[in-house]
Amino acid sequence: MKVASIIDNHLASPHGNRQGLSYGELAVLLLTYIVSEADQRICCLETWVLEHQRSLERITGWSIGEKEGTDDRCGDLLRRLGLKERLMEMEMSLSQHLVKSLILKGFYHYSASPIYNHWVIDFRLRLEQALAVWRPQAGYAAGLLLKSLVDKSHQWWYFLEHPEVSPDNNRAERSLRLGVTKRKIAGGSRSLGGFVDTARLLTVIQSCRAQGRSVLTFFRQALASVHHPLNTVVSLIPTADFSLFVNPQT
């Protein structure tokens, strides 16, 4: 559900001296405890985390320390979650993500049904008939669009046969928004080298955000891997065990 990353996007990172889980990750642990134990007493969270530490680490892929569930950390989290403006923003983001997930899940199930397949065939047939009628009558600009719909139909309607592919490019546009905003504020890079470095940094930031990973954790492990004795490589490509490393067994 990406609950942790959504919460982290709305809350500032913990202060520099604090190590361990982010606010979003701690919130997920707290919610898991409340749901699984039917107990809202925060004072018992620390003991519960210690009892289930290994299981939680295997399930989440996080490194969970002994002091993650202390009263101080939970109190700090609840104080930040209690701010009305941030809470409303987080509720909106979580609701949008939940609705989108449910719609996509339903669409994937529907797309595997014979009804959907018949609809796709009928849609394409009606589209071809409409294009055959309107292409001879269209002007120059409209004619180019209609020609593209015919010549590149396999690209235009790819998402019909592959529902896992989004029919729009909204996600790509949102990923570019950070770079565009930076360019407007800073005026862009003054050299080709600066342009390349900025593009690489923004690629890492947006890739980590899309995967619900910590950007700072990735940079720390990337810098550490430079001097790693086994030459471990840090990758932006997601792995099955959600590790930041290509060869996590090392």
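What comes next concerns the included structure. (Residues numbered from 1 in each chain as written. Predicted model: local features only at pLDDT ≥ 70, side-chain atom pairs only at ≥ 80, totals over all residues. Heavy atoms only, no water.)

Regarding the overall build of the protein
A tally of helices and strands in the protein yields 13 helices and zero strands. Traced from its N-terminal end to its C-terminal end, the protein shows the element sequence α-α-α-α-α-α-α-α-α-α-α-α-α. Split into buried and exposed, the 250 residues of the protein put 22% on the buried side. Residue pairs in contact within the protein that sit at least 24 positions apart in sequence constitute 46% of those at least 6 positions apart. Surface accessibility of the protein: about 17800 Å² in total, with carbon and sulfur atoms responsible for 60%. (Helix = DSSP H or I, 4+ residues; strand = E, 2+ residues; numbered from the N terminus. Buried < 20%, exposed > 50% of the residue type's maximum accessible area, 1.4 Å probe, protein only. Contact = heavy atoms within 4.5 Å. Areas by Shrake-Rupley, 256 points an atom, 1.4 Å probe, with all protein chains shown as cover.)

So, the side chain of Glu 25
Examined against the element boundaries, Glu 25 turns out to sit in helix H2 (residues 23-37). At 3.0 Å, the side chain of Glu 25 and the backbone nitrogen of Ser 22 are in polar contact. Once you skip the residues sitting within four places of it in the chain, Glu 25 turns out to touch Ala 4, Asp 8 and Trp 62. (Polar contact = N/O pair within 3.5 Å; in protein donor to acceptor, adjacent residues only side chain to side chain.)

Some thoughts on helix H12 (residues 192-211)
If you check H12, its first and last C-alpha atoms are 29 Å apart, about what 20 residues at 1.5 Å a residue would give, namely 28 Å. Burial in H12 covers these residues: Leu 202, Val 204, Gln 206 and Cys 208. On its buried face, H12 sits against helix H11 (170-186) and helix H13 (215-226). Backbone geometry just downstream of H12 places Gly 212 in the positive-phi region, at approximately 70°. (Expected span 1.5 Å × (residues − 1).)

A look at H11
Three or four residues apart is the spacing at which side chains of an α-helix point the same way, because the helix has 3.6 residues per turn. The end-to-end C-alpha separation of H11 is 25 Å, in line with the 24 Å expected for 17 residues at 1.5 Å each. The principal kink in H11, of about 30°, is found at Arg 177. Once H11 finishes, Gly 187 follows within two positions and takes phi at roughly 85°, a positive value. (Bend = angle between axes of the 7 residues up to and from the residue.)

As for the pattern of salt bridges
Per the counting criterion, the structure on display carries four salt bridges. Note that Glu 46 and Lys 67 form a salt bridge whose closest N and O atoms lie 3.7 Å from each other. Of the two residues, Glu 46 sits in helix H3 (residues 45-51) while Lys 67 sits in the loop between helix H4 (53-60) and helix H5 (71-81), which places them 21 residues apart along the sequence. Judged by its relative accessible area of 23%, Glu 46 is partly exposed. For Glu 68, the salt bridge goes to Arg 73, with nearest N and O atoms at 2.9 Å. When its relative accessible area of 4% is taken as the criterion, Glu 68 is described as buried. Residue Arg 73 is classed as buried on the basis of its relative accessible area of 18%. (Salt bridge = Lys/Arg side-chain N within 4 Å of Asp/Glu carboxyl O.)

Concerning the nonpolar core
Residues Leu 11, Leu 29, Leu 45, Trp 48, Val 49, Ile 64 and Leu 77 are the most contacted members of the largest nonpolar core, which totals 17 residues. Counting residues per element, the ones that place at least two in this core are H2, H3 and H5. The leading source of residues in this core is H2, at six residues. Contact partners of Val 49, with chain neighbours within four places excluded, come to Leu 29, Leu 56, Ile 64 and Gly 65. (Core = buried A, V, L, I, M, F, W, Y, C linked by side-chain atoms within 4.5 Å.)

A short note on the packing of H12 against H13
Close contact between H12 and H13 brings their axes to 9 Å; oriented N to C, the two are set at 125°. With respect to each other, H12 and H13 are oriented oblique. As for the relative orientation of H12 and H13, their crossing is right-handed in sense. Along the contact surface, H12 presents Leu 201, Val 204, Ile 205 and Cys 208, while H13 presents Val 215, Phe 218 and Phe 219. Along the lines of polarity and charge, the residues of the contact of H12 with H13 split into seven nonpolar, no polar and no charged. (Axes fitted to C-alpha atoms, helices over the stretch in contact; angles between N-to-C directions. Parallel < 35°, antiparallel > 145°, perpendicular 65-115°, else oblique. Left-handed = near helix turned anticlockwise from the far one by under 90°. Nonpolar A, V, L, I, M, F, W, Y, C, P; charged D, E, K, R; others polar.)

Focus on the environment of Pro 136
Examined against the element boundaries, Pro 136 turns out to sit in the loop between helix H7 (114-134) and helix H8 (140-151). Residue class for Pro 136 comes out exposed when judged on its relative accessible area of 65%. Sequence-wise, Pro 136 and Leu 146 are 10 residues apart; in three dimensions their C-alpha atoms are separated by 10.0 Å.

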